[in-house]
Amino acid sequence: MNGQSLAKAYYLTYGKNMIESEYPEYVDRIAVGLVGDGSEAFGYDDEISRDHDFGPKFCMWLTDEDYEKIGDDLNRRYHELPAEFEGFSRQGNMVHSAGRHGVRRISEFYATYTGSPEGPVEWRDWFRVPTHLFAACTNGVVFRDPLGEFTRIRSHLQNGMPMDVRRKKLAAKVFAMAQSGQYNFVRCLGHHEPAAAQMALYEFVKACVETIYLLNNAHCPYYKWMFRGLRNLPLLSNLEKPLRELLVDSADDAMKTFEKIEYISTRVGKELVRLGYSGLTCDYLEPHAYEIQNSIEDEEIRVLPISFG
């Protein structure tokens with residue numbers, strides 16, 4: 001049983017009855033689920049993950065008004081629920097999980113990740129907040145949200161990025177792929193700088209993974225989960241294997257490595273054309289990056305440096 005399944009079973013066994021019997025007037029106002037930090041919120045947990053922050057738990061989110069009335073009491077009752085469930089315990093192994101379960105204000109939850117209780121208000125906010133924080137506050141599962149307030153902001157964060165912002169971020173990542181992988185990797189080897197070449201290779205892989213998330217209209221998570229999440233994406237998820245091989249296989253064969261870089265870059269370039277981000281047919285990605293940048297309608301965003309984003 002993974003963390004999400006455990007959370008739902010625990011809520012249905014104990015939490016649902018507690019809310020309905022003790023807070024009947026708030027049944028249609030409390031959002032419940034498991035969202036936020038931790039591998040179990042992403043659905044990526046395994047047996048290794050159970051050494052910390054794992055156990056029967058769920059989250060409840062309230063409006064500011066409702067929190068003032070019942071927040072502290074509801075949180076107290078939540079922590080009085082049985083600590084043992086399905087062979088797991090939330091006693092003694094939750095030392096790092098403050099704020100990851102129990103009762104929280106909706107406004108405070110989203111402000112923790114985005115700096116604002118409503119999420120990004122203007123286009124600059126989408127650049128200011130790191131993508132892994134967007135991923136963390138929109139992951140997981142929402143069991144119920146009858147009021148719809150928690151889900152309203154969640155949907156804005158998942159789907160509300162302005163297209164010009166997406167194009168700018170995409171242009172920056174595609175440009176980074178061209179510079180680090182297609183250009184600097186081989187040049188660093190030519191300069192007899194193998195460590196620099198490996199750094200270029202890492203930058204290429206990271207930029208490519210972030211590009212793929214953008215093409216899927218998804219937020220790239222914390223680096224530890226980038227590849228795990230990549231496998232589940234609809235577009236270009238089959239590049240996970242060659243990208244992984246670039247990092248974990250030996251780089252002794254520079255030509256083989258460069259051929260793999262070119263293969264990946266070509267695949268990304270074709271996807272940019274297929275999705276309408278670029279109309280170019282070249283294999284080198286830098287012209288694609290400028291093509292994307294030039295298609296941005298908002299002048300303030302369009303004139304930002306190509307590498308910004």
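> Quick question: what am I supposed to make of the state of the cysteines here?
Working definition: the covalent bond between the sulfur atoms of two cysteines is a disulfide. In this structure the tally under the stated criterion is 0 disulfides. The thiol of C59 is unpaired, and the distance to the nearest cysteine sulfur, on C137, comes to 13 Å.

> Is there a simple way to explain the pairing of strand 1 (residues 31-34) in this structure?
Here is the key point about a regular strand: its side chains alternate between the two faces of the sheet. Neither face of strand 1 is left uncovered, since the one carrying A31 and G33 and the one carrying V32 and L34 both have all their residues buried. Where strand 1 meets strand 2 (residues 59-62), 3 bridges bridge the pair, whose relative direction is antiparallel. Paired with G33 across the strands is C59, a residue of strand 2.

> Mind showing me how you'd approach the sheet that holds strand 1 here?
In any sheet, the strands associate via hydrogen bonds between backbone groups, in a parallel or an antiparallel arrangement. Taking strand neighbours across the sheet as the criterion, the 4 strands line up as 5-2-1-6 in an open arrangement whose pairing is mixed. On the outer flanks of this sheet lie strand 5 (102-105) and strand 6 (141-144), each paired with one strand and no other. Averaged over neighbouring strand pairs, the angle between their axes works out to 35° when direction is ignored. As paired elements, strand 2 and strand 5 share 4 bridges and run parallel to each other. Residue pairing for strand 5: W61 is matched across the bridge by R104. Relative to the sheet, helix 1 (residues 3-22) contacts strand 1, strand 2 and strand 6, its axis offset from that of strand 6 by approximately 25°.

> Help me understand the packing of helix 9 (residues 194-215) against helix 12 (residues 254-274), please; the structure alone is not making it clear to me.
Helices that pack against each other are described as a pair by the angle of their axes relative to one another and the distance between those axes. Where helix 9 meets helix 12, the axes come as close as 12 Å, and the angle between the chain directions of the two elements is 20°. Considering the angle they form, helix 9 stands roughly parallel to helix 12. Our pair here, helix 9 against helix 12, has a crossing hand that is left-handed. Touching L201, F204, C208, T211 and L215 of helix 9 are T257, I261, I264, S265, V268, E271 and L272, all from helix 12. Grouping the constituent residues of the contact of helix 9 with helix 12 by class yields 8 nonpolar, 3 polar and 1 charged.

> Mind showing me how you'd approach the nonpolar core here?
Nonpolar side chains tend toward joint burial in soluble globular proteins. Ranked by internal contacts, the top residues of the largest apolar core, which has 52 residues, are I30, F58, M60 and L74. For this core, the elements supplying multiple residues, two or more each, are helix 1, strand 1, strand 2, helix 3 (64-79), helix 4 (106-114), helix 5 (123-128), helix 6 (131-137) and helix 7 (149-159). Here I30 is in contact with I19, M60, W61, L62, I70, L74, R144 and P146, once residues within four sequence places are set aside. Among the nonpolar cores identified, the runner-up in size contains 38 residues, and L201, V205, L215 and F227 belong to it.

> Would you mind going over helix 3 with me for this structure?
Every α-helix winds through 3.6 residues per turn, so residues three or four apart in the chain are directed the same way. I70 marks the point of greatest bend in helix 3, at about 65°. Along helix 3, the residues classified as buried are D66, Y67, I70, G71, L74, R77 and Y78.

> Mind showing me how you'd approach the packing of helix 8 (residues 163-190) against helix 13 (residues 286-294) here?
Contact pair helix 8 / helix 13: the axes reach a minimum separation of 8 Å and the direction vectors enclose 165°. Compared by their axis directions, helix 8 and helix 13 come out roughly antiparallel. Here helix 8 runs over helix 13; the crossing is left-handed. Note on element contacts: helix 13 touches helix 8 through E286, H288, A289, Y290, I292 and Q293, opposite R167, K168, L170, A171, V174, F175, A178 and Q179. Within the contact of helix 8 with helix 13, the residues separate by chemical class into 8 nonpolar, 3 polar and 3 charged.

Rules used in this analysis
The residue count restarts for each chain, going from 1 along the sequence in the order it is written. In keeping with the predicted nature of the model, local features appear solely for residues at pLDDT of at least 70, side-chain atom pairs appear and are counted solely at 80 or more, and the whole-chain, interface and lining totals rest on all residues. Only heavy atoms go into the side-chain values, all of them from the structure, while hydrogens and water stay out. The disulfide criterion used throughout: a pair of cysteine sulfur atoms within 2.5 Å. Summary of the burial criterion: residues with accessible area below 20% of their type's maximum are buried, those above 50% are exposed, and those between are partly exposed, where the area comes from a 1.4 Å probe applied to protein chains only. Think of it this way: any DSSP run of H or I at least four residues long counts as a helix, any run of E at least two long counts as a strand, and we number them from the N terminus. Strands are labelled as partners when DSSP assigns at least two bridges between them. For helices, the fitted line uses only the C-alpha atoms of the stretch in contact; every axis is such a line through C-alpha atoms, and the angle between N-to-C directions lies from 0 to 180 degrees. Note on contacts: a residue pair qualifies if any of its non-hydrogen atoms lie within 4.5 Å across the two residues. Reported orientations rely on four angle classes, namely roughly parallel under 35 degrees, roughly antiparallel over 145, roughly perpendicular from 65 to 115, and oblique for the rest. If you view the pair so one helix is near and one far, a crossing is left-handed when the near helix is turned anticlockwise from the far one by less than a right angle, and right-handed when it is turned clockwise. Think of it as three bins: nonpolar holds Ala, Val, Leu, Ile, Met, Phe, Trp, Tyr, Cys and Pro, charged holds Asp, Glu, Lys and Arg, and polar takes everything else, Gly as well. Here, nonpolar core means buried Ala, Val, Leu, Ile, Met, Phe, Trp, Tyr and Cys residues that are tied together by side-chain atoms lying within 4.5 Å of each other. The bend reported for a residue corresponds to the angle between axes fitted to the seven residues ending at that residue and the seven starting there.

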